[in-house]
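# Overview (structure and organization)
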Amino acid sequence: MTALTIDTSLGLIKLVFEGRKLTRVEQASSKEEGGQVPDEILKPVIDCIEGRRDGAGIPVKLEGSEFQIKVWEAMRQVPPGQVISYSDLAKRAGNMRATRAAASACGQNPCAIVIPCHRIVRRDRGLGGFFWGLDIKRALLTREGIQISHDNYIV
């Protein structure tokens, strides 16, 4: 396992890789130097975090329940500039009655931004939550061209 911390427009972010696959993206409180990651693996991840590309095609290794993995895979299918509701996400993951479980899987997303949990909102188009904070969720959605009202609803 290789971990490194990068300085981004969203603050310090820790990336964890297992072999050639990304396993974690998380906020960091301090800069840590880790091992080396080949540029052809690291550059797409950084470009995704900086909003220069989508996370589709970035190899990830996911560990979770069968339903969580289905939710995370369904999130990867939501294109930049679009949002879906937690209930739509549950349906895409194969269980239309599991809205709360889908929302919980969003909160446990190990590869935030690369797996775009920020594109999942409440059914009433309210932003809902984001474990990195609503300011980051707003910034991610805004840079994708999504308009958000002052009271945190998709316009």
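What you see is a predicted model, and the numbers here were worked out from it, not measured in a lab.

### Here we look at the pattern of salt bridges
- Scanning the model with the defined rule gives ten salt bridges in all.
- Between R119 and E144 there is a salt bridge whose closest N-O contact spans 2.9 Å. Pair noted here: R119 is in the loop between α4 (99–107) and β5 (120–121) and E144 is in the segment after α5 (134–143), with a separation of 25 residues, a long-range link.
- Salt bridges here are not isolated pairs; linked through shared partners, they connect E18, K61 and E63.

### Examining the packing of helix α2 (residues 66–75) against α4
- Two elements in contact, α2 and α4, have axes separated by 9 Å at closest approach and are oriented at 75°. Between α2 and α4, the angle is such that the two are roughly perpendicular. Counting all contacts with α2, which are made through F67, Q68, V71, W72 and M75, the residues of α4 involved are A101, A102, A105 and C106.
- Here the residues of the contact of α2 with α4 sort into eight nonpolar, one polar and no charged.

### Section: the sheet that holds strand β2 (residues 11–18)
- If you walk across this open sheet you meet the three strands as β1-β2-β3, and the pairing is antiparallel. Single-partner strands in this sheet number two, and they are β1 (2–8) and β3 (21–27). Going across the sheet, the axis of each strand differs from the next one's by a mean of 25°, ignoring polarity.
- The pairing of β2 with β3 spans six bridges and is antiparallel. Paired with F17 across the strands is L22, a residue of β3.
- The strands that helix α1 (residues 39–49) touches are β1, β2 and β3; relative to β2, the one it contacts most, it runs at about 145°.

Procedures and definitions
Residues numbered from 1 in each chain as written. Predicted model: local features only at pLDDT ≥ 70, side-chain atom pairs only at ≥ 80, totals over all residues. Heavy atoms only, no water. Salt bridge = Lys/Arg side-chain N within 4 Å of Asp/Glu carboxyl O. Helix = DSSP H or I, 4+ residues; strand = E, 2+ residues; numbered from the N terminus. Axes fitted to C-alpha atoms, helices over the stretch in contact; angles between N-to-C directions. Parallel < 35°, antiparallel > 145°, perpendicular 65-115°, else oblique. Contact = heavy atoms within 4.5 Å. Nonpolar A, V, L, I, M, F, W, Y, C, P; charged D, E, K, R; others polar. Pairing = 2+ DSSP bridges.

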